Amino acid sequence: MRIRQNFFSGERPRVAKHLSKDYEAQIAENCDLSRGDLRPFRANARIQNLAETGTLKSLYQWKKSGDDEWIVHVNELDFARSPIAGEAHDRVYFTGMDEPRVLTTSILSATFDFSTDYYKLGVPAPAAAVTIDAGYTPGATYRAYIYTYVVKLDTTDAEEGQNAAIASITDYGSGDVTLSGFTEPPSGRSIGKIRIYRTASSTSGVAEFLFVGEFDTAGVNFATFTFTDDVADSALGEAFTCEDWAPPPSTLAGLIAPDGGSLAGFVGNRVYISEPFLPHAWPYSYPVDGTIVGLGYIGNTIVVLTDEFIYLLSGTADAMSRTKLNGRYPCLSKAGIVSCELGVLFPSEEGIVLVTLDGPRLYSYDYFTGKQYQANYSPTAVRAAFFNGYYFGFHNNGCFMINTRDMSLCRITTYPNAAAPHVSLVDNHLYYVSQDYEGDNAIYEFEGEDDTYQQYRWRSKEYLLGVPASLSAARVIRDVSEYGAANDESDDLVGSTVNEDPLNEAALNDDGTQQVYLGITFKFYGDGELLLTKTITSDEAFRLPAGNAYRRCYFEVSGDVPVVDVALAPSMEELDVAA
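Residues numbered from 1 in each chain as written. Predicted model: local features only at pLDDT ≥ 70, side-chain atom pairs only at ≥ 80, totals over all residues. Heavy atoms only, no water.

Caption draft 1: Region of interest: the pairing of strand 19 (residues 226–229). Residues F227 and D229 line the buried face of strand 19, whereas the alternating positions T226 and T228 sit on a face that is not buried. One ladder, built from four bridges, connects strand 16 (residues 177–180) with strand 19; its direction is antiparallel. Note on strand 19: the bridge partner recorded for L179 is F227. (Buried < 20%, exposed > 50% of the residue type's maximum accessible area, 1.4 Å probe, protein only. Helix = DSSP H or I, 4+ residues; strand = E, 2+ residues; numbered from the N terminus. Pairing = 2+ DSSP bridges.)

Caption draft 2: The arrangement of the pattern of salt bridges in detail. Applying the stated rule across the entire model yields 34 salt bridges. When the shortest N-O distance is used, the salt bridge between E24 and R12 registers 2.8 Å. With E24 in the loop between strand 1 (3–5) and strand 2 (25–29) and R12 in the loop between strand 1 and strand 2, the pair connects residues that are twelve residues apart, well separated along the chain. Neither residue differs from the other here; E24 and R12 are each classed as buried. A salt bridge links E87 to R91; the nearest nitrogen and oxygen atoms lie 3.1 Å apart. What you see here is one network of salt bridges that share partners, running through E11, E29, R411, R457, R459 and E556. (Salt bridge = Lys/Arg side-chain N within 4 Å of Asp/Glu carboxyl O.)

Caption draft 3: Structural detail: the packing of aromatic side chains. Scanning all chains against the criterion turns up 35 aromatic pairs. Consider the rings of F8 and W458, whose centres lie 4.9 Å apart with planes at 80 degrees: the pair is edge-to-face. One end of the pair, F8, is in the loop between strand 1 and strand 2; the other, W458, is in strand 39 (residues 456–460), and 450 residues separate them in sequence. The class of F8 is buried, set by a relative accessible area of 1%. Plain terms: the ring middles of F522 and F542 are 5.3 Å apart, the flat faces sit at 70 degrees to each other, and that makes the pair edge-to-face. Of this pair, F522 sits in strand 44 (residues 520–526) while F542 is found in strand 46 (residues 542–543), placing the two residues 20 residues apart along the sequence. Accessibility expressed as a relative area gives 0% for F522, which makes it buried. The class for F542 is buried, based on a relative accessible area of 7%. Members of the aromatic cluster, each reached through a chain of ring pairs, are F41, F387, Y390, F392, F394, Y432, Y444 and F446. (Phe/Tyr/Trp six-rings, centres within 6.5 Å; stacked < 30°, edge-to-face > 60°.)

Caption draft 4: Region of interest: the sheet that holds strand 38 (residues 441–445). Strand order in the open sheet formed by four strands is 5-38-37-36, and the pairing between neighbours is antiparallel. Strands with a single pairing partner mark the edges of an open sheet, and in this sheet they are strand 5 (45–49) and strand 36 (419–423). Ignoring strand direction, the axes of neighbouring strands in this sheet form an average angle of 30 degrees. One ladder, built from four bridges, connects strand 5 with strand 38; its direction is antiparallel. Each bridged residue has a counterpart across the sheet, and for R46 the counterpart in strand 38 is Y444. (Axes fitted to C-alpha atoms, helices over the stretch in contact; angles between N-to-C directions.)

Caption draft 5: Region of interest: the side chain of N403. Looking at where N403 falls in the secondary structure, it is placed in strand 34 (residues 398–403). Look at N403 and you get buried, because its relative accessible area is 5%. At a separation of 3.3 Å, a polar atom in the side chain of N403 contacts the side chain of Y390. Not counting residues up to four positions away in its chain, the partners in contact with N403 are Y367, G389, Y390 and S408. (Polar contact = N/O pair within 3.5 Å; in protein donor to acceptor, adjacent residues only side chain to side chain. Contact = heavy atoms within 4.5 Å.)

Caption draft 6: Here's a closer look at the layout of surface pockets. Computed from the structure, the largest pocket encloses a volume of approximately 1,300 Å³. Lining the largest pocket are 41 residues, and of these D78, F79, I337, V338 and H422 lie nearest its centre. Only strand 6 (58–64), strand 8 (78–81), strand 20 (253–256), strand 24 (292–298), strand 28 (338–339), strand 32 (383–387) and strand 36 provide two or more residues apiece to the lining of the largest pocket. At five residues, strand 32 tops the list of elements feeding residues into the lining of the largest pocket. A volume near 330 Å³ is recorded for the second largest pocket. Around the second largest pocket, the lining is made up of 22 residues, and of these H395, N396, N397, G398 and Y415 lie nearest the centre. The leading source of residues in the lining of the second largest pocket is strand 37 (residues 430–435), at three residues. Residue classes in the lining of the second largest pocket are distributed as eight nonpolar, twelve polar and two charged. (1 Å grid on protein atoms, 1.4 Å probe; cavity = no way out; pocket = protein on both sides within 12 Å on 5 of 7 lines; lining within 4 Å. Points joined across faces, edges and corners; volume = space filled by probe spheres on them. Nonpolar A, V, L, I, M, F, W, Y, C, P; charged D, E, K, R; others polar.)

Caption draft 7: Region of interest: unusual backbone geometry. Backbone geometry places N30, a non-glycine residue, at a positive phi of 60 degrees. For N30, a relative accessible area of 1% puts it in the buried group. Positive phi values are uncommon outside glycine, yet M407 reaches one of about 60 degrees. Among the secondary structure elements, M407 is positioned in the loop between strand 34 and strand 35 (408–412).

Caption draft 8: Inspection of the pairing of strand 21 (residues 264–267) at higher detail. Here strand 20 pairs with strand 21 via two bridges, running antiparallel. Bridging across to strand 21, I256 finds its partner in A264. Sheet topology note: the strand 21/strand 22 (residues 270–273) ladder contains four bridges and is antiparallel. Counterpart to F266 in the pairing with strand 22 is V271. In this structure, the hairpin formed by strand 21 and strand 22 is closed by a connection of two residues, where G268 is found at a positive phi of approximately 65 degrees.

Caption draft 9: Main features of the environment of I71. With respect to the secondary-structure elements, I71 resides in strand 7 (residues 67–73). Judged by relative accessible area, I71 falls into the buried class, the value being 2%. Note: C-alpha distance between I71 and Q61 (ten residues apart in sequence) is 6.3 Å. In this view, I71 contacts S58, L59, Y60, W62, F79, L103, F112 and F114; residues no more than four positions away in its chain are not counted.

Caption draft 10: Spotlight on the side chain of T148. Secondary-structure assignment places T148 in strand 13 (residues 137–153). For T148, a relative accessible area of 0% gives the class buried. Among the polar contacts listed, one links the side chain of T148 to the side chain of E160, at a separation of 2.7 Å. Once residues lying within four places of it in the same chain are set aside, the contact partners of T148 are P126, E160, G161, Q162, N163, K193, I194, R195, Y197 and F240.

Caption draft 11: Spatial organisation of the nonpolar core. Membership of the largest hydrophobic core comes to 36 residues, with the highest contact counts inside it found for I132, Y147, L179, F182, I194, I196 and F215. Of all elements in the fold, only strand 13, strand 15 (167–174), strand 16, strand 17 (191–199) and strand 18 (209–216) reach the threshold of two or more residues within this core. Excluding residues that lie within four positions of it along the chain, I132 makes contacts with Y145, A167, S168, I169, V177, T178 and L179. Formed by 32 residues, the second largest nonpolar core is a distinct cluster that contains L33, Y463, L471 and V566. (Core = buried A, V, L, I, M, F, W, Y, C linked by side-chain atoms within 4.5 Å.)

If you want it as structure tokens, here you go:
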């Protein structure tokens, strides 16, 4: 029997190891299989040490006016960039704190402080109606007044909210009207202006409220301040349109930004949606059955994932239709939800589920059984990211990667205590937070190193020989063209990092660090027994141990240098045929 391995794919543990396809692996760790050969991922770069301690659940890179800020937190936060075209204030919206909040370059300390440099999302209605003072000339005309708060960012009027209660008079005749009793705006919302509206003179009751005037709130003594309305009906401005623009609920969670310009979040069993391109105004909400765990989106369709079923909300923000999808697929982890080119992926009871507009399906069915998934991948703790076609599922025991383009599964072992994955909208790189072996938190970039590599491990399927026999020759052909080797005989292809730290900064053999591989290590097993371990430093054929007969065999290669071909045969002559 000759064995030829010149195409390498990932694991499929659902299938017995002797029933796997010839190119599939029993073990595929830290393997970049996107090109069909076997090669390592580049090493992950430690890019920033963190002062924050404990288990950090959130990471976000905010680019503000050309500068980058890293946001980390122990809470599970959800971020969404402003949907407004030409955003002038670098606004980013997020949930997961005491109330929904907004980051903006208009509110910054000398050194950015995430705990203070924000304002609360939404503009509330003033608590009380304005007071209309006597002094006008009485008559028989009805006139009514309202006022609103306006958020100012720098010098820009950015967001306007709901109106105060109506104050009216029924005996207006002529003359100026003095208004007082304005309620001072609440703190923490960046409110910098008050606008006043009134009805035009009419004997037929309340008509449209039209703009009268406005004033900045800075320095105003609201106990004594008055505003004089001396505007003629013909000089009134635009109509008031914000009567339904309530702030989002204070407990809003799971913020997303589907296509169409609205933001969406949830509380309990209700989805809340903002006005398109007005992320401070939240007039719409839609209930579903069950408790919502998280949200995703496909275009402008919102995918609602609950503790039991899946719902689709589609249509415009003010008139969305609700569709309950067939099948019971409870979402087990909000942090495991990703919206991507395929649809929405999330961890459920039996595995990773994919939701499209055609419905849900168990996407991971071909990779592992429900029992394997529950035993090995901590589904309630999955923290996911979608990057370069991979679904990364970080969990308590490591990370698994599903390549959604070539349908291969690989496991990642170089993430000690990894948490909070984040695909940056600044540079489209994958980052994560991890604790080093001293327990200190740091930010790492996946494949962030240029010249050093992770250590892969790839074990072939188990081959059945039918009758006891032995293989006596093998050859491993490398690809050193991209690794700077002078020639194929070089034995200097040595990985230069251990667990993502430079060698001269980490002690070996006494602190749990990994082995440093010298190029490629080849192992051969017969009937489960290790028969040979060999360091590969050339492409020359070599002998396998003689005198061993076995029914089952497999091989394993590990290291940091690509492999393009592995061949095994009963003799050197047959090896050449196999090659």
